[in-house]
Amino acid sequence: MDKKQRVREVLKRLEEKFGKPKCALDFKSPFELLVAVILSAQCTDVRVNIVTKQMFPHVNTPEQFANMEVEEIEEWIRSTGFYHNKAKNIKKCSQQLLELYHGEVPQDMEQLVNLAGVGRKTANVVRGEIWGLADGITVDTHVRRLSNLIGFVKEEDPIRIERELMKIVPKKSWIDFSHYLILQGRDTCIARRPRCNQCEISEFCKGKKIIDK
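All of these numbers come straight from a predicted model, not from anything done at the bench. (Residues numbered from 1 in each chain as written. Predicted model: local features only at pLDDT ≥ 70, side-chain atom pairs only at ≥ 80, totals over all residues. Heavy atoms only, no water.)

1. Points about helix α1 (residues 3–18)
Right, so step 1: When the terminal C-alpha atoms of α1 are compared, their 22 Å separation across 16 residues agrees well with the 22 Å that a helix rising 1.5 Å per residue should span.
Right, so step 2: Every buried residue of α1 is listed here: R6, V7, V10, L11 and L14. Viewed along the axis of α1, the buried residues span an arc of 135°, placing them on a single side of the element.
Right, so step 3: Close packing links the buried residues of α1 with α9 (141–150), α10 (158–168) and α11 (174–187). (Helix = DSSP H or I, 4+ residues; strand = E, 2+ residues; numbered from the N terminus. Expected span 1.5 Å × (residues − 1). Buried < 20%, exposed > 50% of the residue type's maximum accessible area, 1.4 Å probe, protein only. Arc of directions from axis to C-beta. Contact = heavy atoms within 4.5 Å.)

2. Considerations on the environment of Y101
Right, so step 1: Within the secondary structure, Y101 sits in helix α6 (residues 83–101).
Right, so step 2: Spatially, the C-alpha atoms of Y101 and F152 are 38 Å apart, while their sequence positions differ by 51 residues.
Right, so step 3: Beyond its immediate stretch of four places on either side in the chain, Y101 contacts Q96, P106, Q111 and L115.

3. Regarding the environment of V46
Right, so step 1: Along the chain, the position of V46 falls in helix α3 (residues 45–55).
Right, so step 2: Residue class for V46 comes out exposed when judged on its relative accessible area of 58%.
Right, so step 3: For the pair formed by V46 and L25, sequence separation is 21 residues and the distance between their alpha carbons is 7.8 Å.

4. Topic: the pattern of salt bridges
Right, so step 1: In the structure shown here, the tally under the stated rule is eleven salt bridges.
Right, so step 2: Of the charged contacts in the structure, one is a salt bridge between R144 and E156, with a shortest N-O distance of 2.8 Å. Within this pair, whereas R144 is found in helix α9, its partner E156 is found in the loop between α9 and α10, the two being separated by twelve residues in sequence.
Right, so step 3: Each member of the salt-bridge network shares a partner with another, and the members are K17, D187 and E200. (Salt bridge = Lys/Arg side-chain N within 4 Å of Asp/Glu carboxyl O.)

5. Section: the domain arrangement of the protein
Right, so step 1: We note that the domain assignment places domain 1 (3–21 + 137–204) and domain 2 (30–131) within the protein.
Right, so step 2: The C-alpha centroid of domain 2 is placed 26 Å from the C-alpha centroid of domain 1.
Right, so step 3: Summing both sides of the interface, domain 1 and domain 2 together bury roughly 610 Å²; the carbon and sulfur share of this comes to 48%.
Right, so step 4: Along the contact surface separating domain 1 from domain 2 lie two salt bridges.
Right, so step 5: The closest approach of N and O atoms between E162 and R120, which form a salt bridge, is 2.8 Å. (Domains from an automatic or database assignment. Buried area = accessible area lost by both parts, 1.4 Å probe.)

6. Regarding the packing of aromatic side chains
Right, so step 1: Summed over the entire model, instances satisfying the criterion amount to two aromatic pairs.
Right, so step 2: Between F31 and F65, the ring centres sit 5.8 Å apart and the planes meet at 55°, which makes this aromatic pair tilted. Placement of the pair is F31 in helix α2 (residues 30–39) and F65 in helix α4 (residues 62–66), with a sequence separation of 34 residues. (Phe/Tyr/Trp six-rings, centres within 6.5 Å; stacked < 30°, edge-to-face > 60°.)

7. Considerations on the UniProt feature "binding site: [4Fe-4S] cluster" (unreviewed entry) in the protein
Right, so step 1: Mapped onto this numbering, the UniProt entry annotates "binding site: [4Fe-4S] cluster" (unreviewed entry) at C189, C196, C199 and C205. For the annotated residues, spread through 17 residues, the largest C-alpha to C-alpha distance comes to 10.9 Å, consistent with a single compact locus.
Right, so step 2: With respect to the secondary-structure elements, C196 resides in the segment after α11.
Right, so step 3: On the basis of relative accessible area, C196 is assigned to the buried category, the value being 14%.
Right, so step 4: Summarising the element assignment, C199 is placed in the segment after α11.
Right, so step 5: In this structure C199 touches Q184 and T188, once residues within four positions along its chain are discounted. (UniProt positions renumbered as here; feature names shortened; annotations may be inferred.)

8. As for unusual backbone geometry
Apart from glycine, the bulk of residues carry a negative phi angle, and the bulk of peptide bonds sit in the trans form.
Right, so step 1: The backbone of Q42 sits at a positive phi, close to 55°, despite the residue not being glycine.
Right, so step 2: Structurally, Q42 can be placed in the loop between α2 and α3.

As structure tokens, then:
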């Protein structure tokens, strides 16, 4: 069974398990999602949702963030970690959106990645969730780890991983593929203690199996 066949089987099994996947971050607008994904760097989605649940009812537009002091933003997002850089990026990104795009989040990949704090991962998430657009595959820590463990790639660099995955994952499944690996990484293929004997895709995995006792 080659990689493309294994990918199809993995997608099939995980769709049966999780159904139609959706983003774990809570948001009500493209801009809220953009901010949430920026906050999710080196932070759990659960923590981000706790922070945005408190913050978004009070401040949730580019205009509001652009007019805030960086220190004010830091106070809202402190518990997400790396809050100094995140606050600076959110303020700068908000200013760019107002200056360049009338406060609207652009759909174009190149325009998105040129915003402060936005890389391909963030851009892929926003484009996929908001507009169903897929120019690539979102590679977060779960996707990186599981793609290597399963044997789809032998890379650590997210850009290279994305390029390799795009060769073997059907384009129609680029968005769902990331969701499924993230969900499986949280539910079963846990980094510190993978439950291999409970894993629905273990037969397609090239990694060393760990048998729970």
